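What follows is each chain in one-letter form.
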Amino acid sequence: MTGLLWAIAAVPAAVGTLLCVLGRRADRVAPAVGAGTAALVLALSIAVAAGRPATGAPFLPGAPFGLGVDALAAVVLPTVAAVTLLVLVFSAGDVRGARARFTGLVLLFAAAVVVTVTATSLLSLLFGWEVMGATSYALIGFRWQQGHRVGAGLTAFLTTRTADLGLYLAAGAALAGGSGLALADLPGLPAPWRDVATAGVLVAALGKAAQLPFSGWLSAAMQGPGPVSALLHSAAMVAMGGYLLLRTQPLLAATGWAGPVAAWAGALTALLLGAVAIAQRDLKQLLAASTAAQLGFVVLGAGVGAVAGGTAHLIAHAATKALLFLAAGAWLTALGTKQLPALRGAARRWPLVGVCAGIGALALAGVVPLSLWATKDAVLAGARAQSLPLYLVGLAAAALSAGYAGKVLWLVWRQLPADADAGYDTEEPGTRRVGVLQQVPLVVLAAGAAVLGLLALPPVGGTLRRALGDAGPTPSAAELAGSAVLALVVLALAGRTWPALPGRAPAGWLGLARITEVLVTAPVLRAAELLARFDDRVLARAVAGTGRVVRAAGLLARFDDRVLARGVTGAGRSSLRLAWAAGRTDLAGPDRLVRSLAAGTRRLGALARRTQTGQLHQYYVQAAVVLAAAVALLLAAR
Amino acid sequence: MLSSTVFLPLLAAALLAVLPVPDRVARIGWVGVTVADLALVVALVARYRTPAGGGLAFEERVRWIPSVGSSYHVGVDGLSLPLVALTAVVFCACSVYGWREDRRPRQLAALFLALQTTCLGLFVAQDLIVFFLFFDLSIVGMYAAIAGWGHGRDAGRSALQFFLYTFLGSLALLLGFIGLYLAADPHTFDLPELVAAAPLAGHPVAGGFVLAALLVGLAVKTPTIPFHTWLPPAHTDASAIGSAVLAAVLLKMGTYGFVRIAMPALPDAWRAFSWVVVAVGIASVLYGALVALAQTDLKRMIAYTSINHMGYVVLAVGAAGLSGSGTAARELAVTGAVTQMVSHGLVTGALFLLAGVLHDRTGSYAMRDFGGLAGTAPRWSGLFAVAAFASLGIPAFSGFVAEFQIFAGSIGATAWAALALPGILLTAALLLRALQQLVAGSAGPRSVGFGDVRAAEWLPVAGLLVLSLAVGVLPWLLLDLIAPASSAVVELVSR
């Protein structure tokens, strides 16, 4: 059984990677392989939903990669798998060109969702969470030839990544607080760390679920192909934001402030984005705003503790919104437009598509007995128990959802106008046909949209509540009846007033894109520019300026040449002159003295020779003189 | 066996330098020797068992300069073995990529093989003089690679700046080593002995000065801000394989020095100054990412992301020195730091090799002149997209494993580390913006006639990215090596 759990994640990941790597060569087999893999995933998910395995693998020291299927995952996992399969079947008939890359990315996405849904630790959660974001980027920018689509993918990725920083923060807080990274251990963290972790998880979930203030990215994400919007941006990826809050509801409850914050964030999003949806002229933009609004209900449910109601709403919404997005995709492919004014009467051209879309719109409006009626009331019951203002806001949001759903319903079911062709083929050339592969998933999803309300009603609802441990209040019969009446009234009003309802503000999604541009993007880019200039002009030049030490070396070299070296050579020359002077003095002085001494001695010698005359009588005289001198000396010396 | 792994490339380099073999033989020899060396390293990893008591495996010690207490002492443990493996892998990838180099291939092969020995030798060195020797020789080798095989008018100038700046840093490092030597009693340059003795333990002032010298030297090499200005020009003007080796291997020498020398040998000083290190790390993360965001030249942009990624490592090793927090978080931080070293080496090496293809085809790295490469060069675009996502830290690649550990560990040690979180957001923005400019939209002027990657180009890139994927999906293969060593380091720094 644990092997099956690994297989659910590993098989689509491996097949998806293979398809992406093979690229164009696998284009022919890709749709079949993709659908087959998705069917396998669906079968396995039903098996593990029954078996409820839990497992882990070593990943980081002290932080295993934990996966496990509990009651919550057991209902959500087959839902996501089923929607994936249906979307892949639809896109087999819809997506042309680079089918292998498309199918591969969708399968990779499916693997990431499986990991996210079954994650039992922050590590595995973050793993699946980020890969979902990356595949979402690649799928939104699927038609890369149009740069603005890739840019939209970038906006979506960066917005969700900003929110994902919260999960990194939560992981750090969990470690700082001494608990492991297991999601179940988070409520047990000591006080300051628990708040940090909760804040991180909350921000990440709100970002992924496109709640305010992060809703802008969902508008940009509509640049992706229709099936991508149906899977990622209605049923799977954005829903994971709500799913995370449903899973960590004990953590939200343990900190006193997180539940009300989440509840109000969800309620306000539902209200404001419901208003945004009514004002849209583009069908996909309307559905996107509606997705954010409906997920607001799920977040509201998590905030007030209505986990069963929130889960049921998530599942029912997945079926409903996927249906509507696929229908929008079918009309875009067939008629070449997704502008609401041009889609007047489109439901009548292909009745099956029209009926399914109609069921989806009615379910979205909350018409009894379709799915979103009961599930919404299950959430609102929990809100009413918490606070009356919250309940009223929720009720107003429900009314708005009936409004925009009604807008779609009445529009596509009007009589075909005579000049319908004028509005077609504005965005791409339409094929004027809807294939079987495109219609079958619509039927299945319509059935789901109709029937899944049972998840919130007894007896199935009771089983779900017990399995999820939800002991909150259930909606009373009066509430159920009241919301049904409200929905019908608003629906009727929408039919009456649609022709007079122009697409004015807040058609721009509350100016979120502009606000983000002004508050975040432009300052960051400006800071980057300034720092780069500082780095080039100041830092780099300062370092290069230390090269001015070379100039000092030049000064030293000149000093060395002109002063020191010349000093040495000058010393050499003067010592030479000294030597010459010494030589001359030597010649002039001592030498002369010695020579004169020698000359004197020679004269003395010559003088001494003169006594040798050779005459005897002179010798006698010399002897007598010397004798007399000697006697005189002797007498004087005594 | 360790020494033969280290010196085999040098032997081949000497042969290639001396014997006038034809170019083809030189290329084959280059690839063959790097593959053989890689096989030796794989054998080392397979036979590696965590040594008991924080010791070393495959230890070798030979008398060398006994009068200064320096011996040829080499050995590996959990910190150095992954980097040895990274070095072998990156040089092997570069030898395959260098198959297409036409300018003096024999001399290039000899140079890179010699450079490989210096890099391997540094990571296995267990003696400070041996460490310093290989540190400086690697600077010389890299200078030759940039000056001799770089491109652009300023290649010589960038190479000279690189050489002088990092050489000056290495002198500061030498000053620190001498400080450690003099403080030890008996005087020795042997690293395990110095670590065991912690000679400056009771001397805060002297320890502070020695640590400052070490930090300056290593900070220039890492590089952290404000010592990073040599990196962008060096990368812009180097050839593809020169940049790959510079980013993947040489930058790791700085951060490796932190965990190998500075932290274990100077625990008191490290703990006292860990806040400075943390601050420098956070500043490098944010500064590097912001300046990279403003770049229009692809190689310069990747160079600044290196500053950002190394900033995470510096943050983590700084946080590991913060006393007053549990050891689990700090060990995770150090493990994350070493993992980031390996991951950055693999991924940024791949990015630089891919950037080299741009220059090879068109002579330019200016991103706005391209566009629509997904049509003209789909395989290049696919590889670049994967490398960009791996670099920004998407799970299933090694970057996520590293960054998650770094953040979980650092934030677990100090809440201030959360200031570095915007770094991963900015990196995502800049890399995906570059991807969009290069790959999406209509074909720009330089994209027309852009030949797709050839075997010699995509094989090494794919190999590096597959290894990153392996570490990302099966991280325990790497972390089982690193974790015991990182707990030993944390223990040493906490005493």
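Scroll up for the structure.
So, here is what we can say about the structure in this document. (Residues numbered from 1 in each chain as written. Chains lettered and ligands numbered in written order. Predicted model: local features only at pLDDT ≥ 70, side-chain atom pairs only at ≥ 80, totals over all residues. Heavy atoms only, no water.)

Okay, the overall build of chain B next. On a plain count of helices and strands, chain B comes out with 19 helices and 2 strands. A compact globule built from 495 residues should have a C-alpha radius of gyration of about 23 Å, and chain B, at 21 Å, falls within 12% of that. Principal-axis analysis of the C-alpha atoms places the extent of chain B at approximately 65 × 55 × 40 Å. A buried classification covers 66% of the 495 residues belonging to chain B. (Helix = DSSP H or I, 4+ residues; strand = E, 2+ residues; numbered from the N terminus. Rg over C-alpha atoms; globule rule 2.2 N^0.38 Å. Buried < 20%, exposed > 50% of the residue type's maximum accessible area, 1.4 Å probe, protein only.)

Moving on: the overall build of chain A. Looking only at helices and strands, chain A features 24 helices and 2 strands. With the C-alpha coordinates aligned to their principal axes, the bounding extent of chain A is approximately 185 × 60 × 50 Å. Relative to its 638 residues, chain A shows a buried fraction of 53%. Nonlocal contacts in chain A, meaning residues at least 24 apart in sequence, comprise 81% of its contacts between residues at least 6 apart. Surface accessibility of chain A: about 26,600 Å² in total, with carbon and sulfur atoms responsible for 68%. Side-chain charges of chain A comprise 50 positive and 24 negative groups, with the mean position of each set lying 13 Å from the other. (Contact = heavy atoms within 4.5 Å. Areas by Shrake-Rupley, 256 points an atom, 1.4 Å probe, with all protein chains shown as cover. Lys, Arg positive; Asp, Glu negative; His and termini not counted. Charge placed at Lys NZ, Arg CZ, Asp CG, Glu CD.)

Let us now look at a nonpolar patch on the surface. On the surface, A:Trp264, A:Leu268, A:Leu272 and A:Leu510 cluster together into a nonpolar patch covering about 300 Å² of accessible area. Given the relative accessible area of 31%, A:Leu510 is considered partly exposed. (Patch = residues over 30% accessible without salt bridge, like charges linked within 9 Å, V, L, I, M, F, W, Y side chains within 5 Å. Salt bridge = Lys/Arg side-chain N within 4 Å of Asp/Glu carboxyl O.)

A few words on the interface of chain B and chain A. Tallying the contact residues gives 55 residues for chain B and 43 residues for chain A. The junction of chain B with chain A conceals about 4,100 Å² of combined surface from both sides, 78% of it contributed by carbon and sulfur atoms. Our count for the chain B to chain A interface comes out at 8 residue pairs in polar contact (both at pLDDT 80 or more). Every element with two or more residues in the side of chain B that touches chain A is listed here: helix H6 (155-183), helix H11 (267-293), helix H12 (298-319), helix H14 (373-376), helix H16 (398-413), helix H17 (422-439), helix H18 (455-473) and helix H19 (476-494) of chain B. In terms of residue count, H17(B) provides more of the side of chain B that touches chain A than any other element does, 11 residues in total. Classifying every residue of the side of chain B that touches chain A by side-chain character gives 38 nonpolar, 14 polar and 3 charged. (Buried area = accessible area lost by both parts, 1.4 Å probe. Polar contact = N/O pair within 3.5 Å; in protein donor to acceptor, adjacent residues only side chain to side chain. Nonpolar A, V, L, I, M, F, W, Y, C, P; charged D, E, K, R; others polar.)

Residues and elements named next belong to chain B. Under the definition given, this model contains 0 disulfides over all chains. Not engaged in a disulfide, the cysteine cysteine 94 finds its nearest cysteine sulfur in cysteine 92; these two sulfurs lie 9.4 Å apart. You can call cysteine 94 buried: its relative accessible area is 1%. Here cysteine 119 is not disulfide-linked; the sulfur of cysteine 94 is the nearest cysteine sulfur, at 10 Å. According to the relative accessible area criterion, cysteine 119 is buried, its value standing at 0%. (Disulfide = S-S within 2.5 Å.)

As a further point, take the packing of helix H13 (residues 327-362) of chain B against H18(B). Residues and elements named next belong to chain B. For the pair H13 and H18, interaxial distance at closest approach is 8 Å and the crossing angle is 160°. When the axis of H13 is compared with that of H18, the two are roughly antiparallel. Judged by the twist between their axes, the crossing of H13 over H18 is left-handed. Each of Leu346, Val347, Gly349, Ala350, Leu353, Leu354, Val357, Asp360 and Arg361 in H13 lies in contact with H18, whose residues at this interface are Glu457, Pro460, Val461, Leu464, Leu465, Leu467 and Ser468. Classifying every residue of the contact of H13 with H18 gives 11 nonpolar, 2 polar and 3 charged. (Axes fitted to C-alpha atoms, helices over the stretch in contact; angles between N-to-C directions. Parallel < 35°, antiparallel > 145°, perpendicular 65-115°, else oblique. Left-handed = near helix turned anticlockwise from the far one by under 90°.)

A separate point is the pattern of salt bridges. Residue and element names in this part refer to chain A. Under the counting rule described, the total for this entry stands at 20 salt bridges over all chains. Arginine 24 is paired through a salt bridge with aspartate 27; the nearest N and O atoms lie 3.8 Å apart. Of the residues examined, arginine 24 reaches a relative accessible area of 62% and is grouped as exposed.

For the α-helix, the turn length of 3.6 residues means that residues three or four positions removed from each other point alike. Residues and elements named next belong to chain B. Here helix H1 (residues 2-18) contains 17 residues, and its C-alpha end-to-end distance of 25 Å stays within 8% of the 24 Å for a straight helix at 1.5 Å per residue. The principal kink in H1, of about 35°, is found at leucine 8, preceding the proline proline 9 by one to four residues. In the core, the buried residues of H1 are packed alongside helix H2 (23-47), strand E1 (57-65), strand E2 (70-76) and helix H4 (105-124). (Expected span 1.5 Å × (residues − 1). Bend = angle between axes of the 7 residues up to and from the residue.)

All names here are of chain A. Here serine 91 is to be found in helix H3 (residues 71-94). Sequence separation of serine 91 and lysine 284 is 193 residues, and the distance between their C-alpha atoms is 17 Å. Residues contacting serine 91, with those up to four places away along its chain left out, are Phe102 and Pro227.

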